[in-house]
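This is what each chain is made of:
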Amino acid sequence: MSALSFFWDPLVPWPLIIGLGVVAGLIVLFALFRGAAGALLRALVMAGLLVVLANPSLVEEERRPLNDVVLLVVDESTSQSIDPRPAQTAQAVPHLIEKIEALPNTNLQVIRSGDSPSRSGVTTQGSEAGSHLFADVKRALADLPRQRVGAVVMVSDGQIHDVPENFSEL
């Protein structure tokens, strides 16, 4: 995909260019009023100099759109081992993966989240055991530009222990 754009990048501040344009206009009007030879040629030269000072640019860019990223967070905490949750999760996750991967311009990132917020099995001081899906989502979002995040899909039993009060904090 290419984009063509035109913009001004003045060599001097705009107020100076406008002031010079007013002075040049007055000089040309005076020359026309006096009937001076070459007044129109002088007007063209002054206009050309003002355009040069305004520094117009035509830029053609080659752009390659980036794919959206969908985060699929799978809760693998202890509460997910209660029947019939393992079978439901085993059925839902492949189905979601298939549907999301079929979407155009979309990348899928699967995050498997367990009981511990540290993911090492060791609970850090001051933290609780339980499902900490949002901590893993926050870590994944830290590596992604906000405009590329298409969705966050969670497969869970709903027993999540780190739900933020304000989702804009993610």
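Our subject is the structure that appears above.
Summarised in this report is the structure supplied together with it. All values derive from a computational prediction rather than experimental measurement.

**Structural notes on the pattern of salt bridges**
Here comes step 1: In the structure shown here, the tally under the stated rule is one salt bridge.
Here comes step 2: Ionic pairing is found between Asp-136 and Arg-139, a salt bridge with its closest N-O pair at 2.3 Å. One end of the pair, Asp-136, and the other, Arg-139, are both in helix H4 (residues 133–142), three residues apart, so they sit about a helical turn from each other.
Here comes step 3: Looking at Asp-136, the relative accessible area reads 7%, which means it is buried.
Here comes step 4: What makes Arg-139 partly exposed here is its relative accessible area of 42%.

**What about the packing of aromatic side chains?**
Between two aromatic rings, the relevant description is the distance of the centres plus the angle of the planes.
Here comes step 1: Scanning all chains against the criterion turns up two aromatic pairs.
Here comes step 2: An angle of 85° between the planes, with centres 5.2 Å apart, marks the rings of Phe-6 and Trp-8 as edge-to-face.
Here comes step 3: For Trp-8, a relative accessible area of 42% corresponds to the partly exposed category.
Here comes step 4: Both rings, one in Trp-8 and one in Trp-14, keep their centres 6.3 Å apart while their planes meet at 75°; by these two values the pair is edge-to-face.
Here comes step 5: Every member of this aromatic cluster is reached through a ring pair, and the members are Phe-6, Trp-8 and Trp-14.

**Here's the deal with the side chain of Arg-148**
Here comes step 1: Tracing the chain through its elements places Arg-148 in the loop between H4 and strand E5 (149–155).
Here comes step 2: Not counting chain neighbours up to four residues away, the residues in contact with Arg-148 comprise Leu-66, Asn-67, Asp-68, Val-69 and Asn-107.

**Some thoughts on helix H2 (residues 39–54)**
Here comes step 1: Under the 1.5 Å per step criterion, the end-to-end length of H2 is 23 Å for 16 residues, consistent within 8% with the ideal 22 Å.
Here comes step 2: Within H2, the full set of buried residues consists of Ala-39, Leu-50 and Ala-54. Summarising the axial view, the buried residues of H2 lie within an arc of 60°, below the 170-degree limit, and thus occupy one face. Facing away from the buried surface of H2 by more than 90 degrees, the exposed residues are Leu-41, Leu-44, Leu-49 and Val-52.
Here comes step 3: In this structure, the buried side of H2 is in contact with strand E1 (2–8), helix H1 (14–34) and strand E2 (56–62).
Here comes step 4: Positive phi appears at Asn-55, one or two residues downstream of H2, with a value of about 55°.

Calculation notes
Residues numbered from 1 in each chain as written. Predicted model: local features only at pLDDT ≥ 70, side-chain atom pairs only at ≥ 80, totals over all residues. Heavy atoms only, no water. Salt bridge = Lys/Arg side-chain N within 4 Å of Asp/Glu carboxyl O. Helix = DSSP H or I, 4+ residues; strand = E, 2+ residues; numbered from the N terminus. Buried < 20%, exposed > 50% of the residue type's maximum accessible area, 1.4 Å probe, protein only. Phe/Tyr/Trp six-rings, centres within 6.5 Å; stacked < 30°, edge-to-face > 60°. Contact = heavy atoms within 4.5 Å. Expected span 1.5 Å × (residues − 1). Arc of directions from axis to C-beta.

Honestly, it's all geometry; don't read function into it.
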